[in-house]
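Here's the letter readout for the chains.
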Amino acid sequence: MEDKFRNKSFFISTYGCQMNEEDSEKLSGILKKMGYKRAENKLSADLIIFNTCCVRENAELKVYGNLGALKKLKKQRPELIIALCGCMMQQKGMAEKVIKKFPFVDIIFGTHNAYKFPEYLNRVNHQNVSVIEIQDKEDGIVEGVPIDRESSVKAFVTIMYGCNNFCAYCIVPYVRGRERSRKPEDIENEIKELVSKGYKEVTLLGQNVNSYGKNLNPRVNFSELLRRINNVDGIERIRFMTSHPKDLTDDVIDVISECDKICEHIHLPVQSGSTRILKKMNRNYSKEQYLALVSEIKHKIPDASITTDIIVGFPGETEEDFEETLNLAEGVEFDSAFTFIYSKREGTPAYKIEEQISDDVKHERFNRLVEVINKSAAKKNKVYEGRIEEVLVEGPSKNDSTKLMGRTRTGKLVNFQGDKAFIGELVKVEITKATSFSLLGRQI
Ligand code: 5AD
Ligand code: SF4
């Protein structure tokens, strides 16, 4: 432990996806190793970090708003260190733009050099200058970074970094670089260590887990990796995300149905129900191919929950295209969906398409889609009423701390009355009531 950081505290605000959450857990692990402690809140922290996202414009606007609010705090406490990192910072010219607007920021770094954070902190402390370091190119994978996880029950485990797909709307390949897979041994060892600490569930993370292993020598594909992890003693549940429909193969569906620890849940972003728009999005599958995949999943894993991501208002989307999306959602009956209004991202191919859709039309389509999704989510949840489900207890309920919350194997959120001693355990719960968003139950 480095003494000069003892008694100092940090606060991390994380925006965006699970990948960013895991990156923040790594930053937290690095800081704790240096002697820092977690602060109770932003106001009392010696170091405030924003781990940013740029997938949609909203995420960026939130960062600007929250940074603006820190100006006063920094004036009152000039020794406060403010750091910015993550996807938004990795965009070309962004760091310069941010430092011009918010000159009180001390450290800015991108997605490829977080492991160098202690060096940046030392430079700020010794030289009293701002440190801006964005690496253009990704290094190889840096193993062994300490991770301070939010949960002691379930853990994210990144199996691959980056993305090679270049969907026309998406900024991720530009800020996270090309696909790089971790070695299966490193992943297995991390999971064994998690088991030794009492973890019961892992979620394997990657932008497109189905193309895992392509850069490995010897090559190991995703279904082989899943089988290897299923053989790790002591882990009870294995989840993964995100699957790309163009790469989800039959053998992965077979592995889910055959391996006892792999949960019956597939997150399979469709993005649009119109083949014409899917083509413009550069998704590389048609509506029919997506529907055939869904049929295959439902046939081989009858209990599976299927969730998705859908974007409305992609440039050029007509009312007919959108109705195809609605029809697809009605037909598939998703268990839930993340629904997004298309957001124009500079640097992506879709940015230059002229037929942008008006905000009014986008919002109107969004509302119609949400209605369809809520209806199918309620219907899919209703089936659970009266069933007895295995629930992994994650902690107290968010809205009612006298209750516990956990998830079924299919990823359904369950709230139920129970003893806190069961946190971290697999328990049996009888489902008494379902809504669109969660289930209520009674422990038996
Ligand atoms: N606008 C709206 N939604 C987007 N997504 C990615 N880029 C954009 C964008 N520019 C959505 C996709 C993806 C999810 C993580 O975010 O649906 O699957
Ligand atoms: Fe973005 Fe497409 Fe890669 Fe997903 S698969 S991260 S949507 S480019």
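Within each chain, residues carry numbers counting from 1 in the order of the written sequence. Naming scheme: in the order in which they are written, chains are lettered from A and ligands are numbered from 1. For this predicted model, a pLDDT threshold of at least 70 governs which residues receive local features, and a threshold of 80 or more governs which side-chain atom pairs are given and counted, while totals over whole chains, interfaces and linings are taken from all residues. Remark: hydrogens and water are excluded; side-chain values derive from all non-hydrogen atoms of the structure.

Chemist: What exactly am I supposed to notice about the pattern of salt bridges here?
Modeler: Oppositely charged side chains are able to pair whenever their charged atoms sit close together. Salt bridge, as applied in this entry: a Lys or Arg side-chain nitrogen positioned within 4 Å of an Asp or Glu carboxyl oxygen. Counted according to the given criterion, the structure contains 40 salt bridges. The salt bridge involving Arg 123 is made with Glu 133; its shortest N-O contact spans 3.5 Å. Here Glu 133 lies in strand S6 (residues 131-133) and Arg 123 lies in helix H6 (residues 117-127), a separation of 10 residues in the sequence. On the accessibility criterion, Arg 123 (27% relative accessible area) is partly exposed. One salt bridge in this structure joins Glu 355 and Lys 280, with 3.3 Å as the shortest N-O distance. Linking Glu 355 in the loop between strand S14 (336-341) and helix H14 (359-382) with Lys 280 in helix H11 (residues 275-280), this pair joins segments that are 75 residues apart in sequence. Helix and strand labels come from DSSP, where a helix needs a run of H or I of at least four residues and a strand needs a run of E of at least two; each type is numbered from the N terminus. Residue burial is assigned from relative accessible area. The probe radius is 1.4 Å, only protein chains are included, and a residue is buried under 20% of its type maximum, exposed over 50%, and partly exposed in between.

Chemist: Whenever I open this one, the site of ligand 2 confuses me. Can you help?
Modeler: A cutoff of 4 Å decides nearness: a residue is near a molecule or strand if any of its heavy atoms lies inside that distance of it. Near ligand 2 the following residues occur: Cys 163, Asn 165, Phe 166, Cys 167, Tyr 169, Cys 170, Val 172, Pro 173, Gln 207, His 244 and Arg 283. Taken together, the residues that form the shell around ligand 2 break down as 7 nonpolar, 3 polar and 1 charged. Gly counts as polar in this scheme, as do all residues outside two lists: the nonpolar Ala, Val, Leu, Ile, Met, Phe, Trp, Tyr, Cys and Pro, and the charged Asp, Glu, Lys and Arg.

Chemist: Would you explain the pairing of strand S1 (residues 9-14) in this entry?
Modeler: Strand pairing is defined by DSSP finding a minimum of two bridges between the two strands. Strand direction decides the pairing type here: S1 and strand S2 (residues 37-38), joined by 2 bridges, are parallel. Bridging across to S2, Phe 10 finds its partner in Arg 38. Handedness rule for crossovers: strands pointing away from the viewer, path from the first strand over the helix to the second running clockwise, crossover right-handed. Following the backbone out of S1, through helix H1 (residues 18-34) and into the adjacent parallel S2, one traces a crossover that is right-handed. Inspection of the sheet shows S1 paired to strand S3 (residues 47-52) by 5 bridges, in the parallel sense. From the neighbouring strand, Phe 11 faces S3, where its bridge partner is Ile 48.

Chemist: Can you help me understand the pairing of S14 in this one?
Modeler: Successive residues of a regular strand alternate their side chains across the two faces of the sheet. Both strand S13 (residues 305-312) and S14 contribute to a ladder of 6 bridges, which runs parallel. Of the residues in S14, the one forming a bridge with Ile 311 is Phe 340. In this fold, the crossover linking S13 to S14 by way of helix H13 (residues 319-332) has right-handed handedness.

Chemist: Would you mind going over the site of ligand 1 with me for this structure?
Modeler: Near ligand 1 you find Val 55, Arg 56, Tyr 169, Gln 271, Asp 309, Ile 311, Phe 340, Ile 341, Tyr 342, Ser 343 and Arg 345, and these make up its full shell. Measuring from an oxygen atom of ligand 1, one finds a side-chain N or O atom of Arg 56 at 3.0 Å. The separation between an oxygen atom of ligand 1 and a polar side-chain atom of Gln 271 is 2.7 Å. For ligand 1, whose unbound accessible area comes to 400 Å², protein coverage reaches 85%. Contributions of two or more residues to the shell around ligand 1 are made by S13 and S14. The term polar contact refers here to a pair of N or O atoms within 3.5 Å; inside protein, the definition further demands a hydrogen-donor-capable atom paired with an acceptor-capable atom, and it admits residues adjacent in sequence only when both atoms are side-chain atoms. Accessible surface is estimated by sampling points in the Shrake-Rupley manner with a 1.4 Å probe; for residues, cover comes only from the protein chains shown.

Chemist: Hey, could you run me through the packing of helix H8 (residues 184-196) against helix H9 (residues 222-230) in this one?
Modeler: Relative orientation and spacing of two packed helices are given, respectively, by the angle between their axes and the distance between those axes. One way to put it is that H8 packs onto H9 with a least axis distance of 10 Å and a crossing angle of 30°. Accordingly, the angle class assigned to the pair H8 and H9 is roughly parallel. In this structure, H8 meets H9 at a crossing whose hand is right-handed. Contacts between H8 and H9 pair Pro 184, Glu 185, Ile 187, Glu 188 and Ile 191 from the former with Leu 225, Arg 228 and Ile 229 from the latter. To obtain each axis, a line is fitted to C-alpha atoms, and for helices this fit is confined to the stretch in contact; angles are then taken between N-to-C directions over 0 to 180 degrees. For this classification, under 35 degrees means roughly parallel, over 145 means roughly antiparallel, 65 to 115 means roughly perpendicular, and everything else is oblique. We call a crossing left-handed when the near helix sits turned anticlockwise from the far one by less than a right angle, and right-handed when that turn is clockwise. We call two residues contacting when some pair of their heavy atoms lies within 4.5 Å.

Chemist: Would you explain the sheet that holds strand S12 (residues 265-267) in this entry?
Modeler: The pairing of strands in a sheet comes from backbone hydrogen bonds and takes either a parallel or an antiparallel form. Here 3 strands make up an open sheet; going across it, the order is S12-S13-S14 and the pairing parallel. The open sheet is flanked by S12 and S14, the only strands paired with a single partner. Strand after strand, the sheet turns through a mean of 10° between neighbouring axes, direction not considered.

Chemist: What am I meant to see in the UniProt feature "domain: MTTase N-terminal" (unreviewed entry) in the protein here?
Modeler: Here, UniProt's "domain: MTTase N-terminal" (unreviewed entry) annotation points to residues 8-126. A distance of 16 Å separates the end C-alpha atoms of residues 8-126, which is 48% helix and 19% strand. UniProt positions are given in the numbering used here, feature names are shortened, and annotations may be inferred rather than shown by experiment.

Chemist: In this structure, what is going on with the UniProt feature "domain: TRAM" (unreviewed entry) in the protein? I would like to understand it.
Modeler: In this structure's numbering, the residues bearing the UniProt feature "domain: TRAM" (unreviewed entry) are residues 382-444. A helix fraction of 2% and a strand fraction of 52% characterise residues 382-444, whose end C-alpha atoms lie 20 Å from each other.

Chemist: For this particular structure, what's the right way to read the packing of aromatic side chains?
Modeler: How two aromatic rings sit relative to each other is set out by the distance from centre to centre and by the angle between their planes. Geometry of aromatic contacts follows a simple scheme: Phe, Tyr and Trp rings, the Trp one being its six-membered ring, pair when their centres are within 6.5 Å, and the pair is stacked under 30 degrees between planes, edge-to-face over 60, tilted otherwise. Evaluated as defined, the whole model comprises 12 aromatic pairs. With a centroid separation of 6.0 Å and an interplanar angle of 80°, the aromatic rings of Phe 102 and Phe 104 are classed as edge-to-face. Across the pair, exposure class does not vary: Phe 102 and Phe 104 are buried alike. On the numbers, 5.1 Å between centres and 40° between planes, the contact of Phe 109 with Phe 117 is tilted. With relative accessibility at 0%, the residue Phe 109 sits in the buried group. Put simply, the rings of Tyr 64, Phe 102 and Phe 104 touch in pairs and so form one group of aromatic residues. Sitting over a ring, as applied to charges here, requires NZ of Lys or CZ of Arg to be within 6 Å of the ring centre and within 35 degrees of the ring normal. Positioned over the ring face of Tyr 351 is Lys 344, at 4.7 Å from the centre of the ring.

Chemist: Quick question: what am I supposed to make of the domain arrangement of the protein here?
Modeler: For interface size, the figure often reported is the accessible area lost on association. Where a domain begins and ends is set by an automatic assignment or by a domain database. Structurally, the protein comprises domain 1 (3-133), domain 2 (154-381) and domain 3 (388-443). Relative to domain 2, the C-alpha centre of domain 1 lies at a distance of 29 Å. Listed by partner, the interface residues are 17 residues for domain 1 and 21 residues for domain 2. As a working definition, buried area equals the accessible area (1.4 Å probe) given up by two parts on being put together, with both sides summed. Interface of domain 1 and domain 2: buried area, both sides summed, is about 1,600 Å²; carbon and sulfur atoms make up 56% of it.

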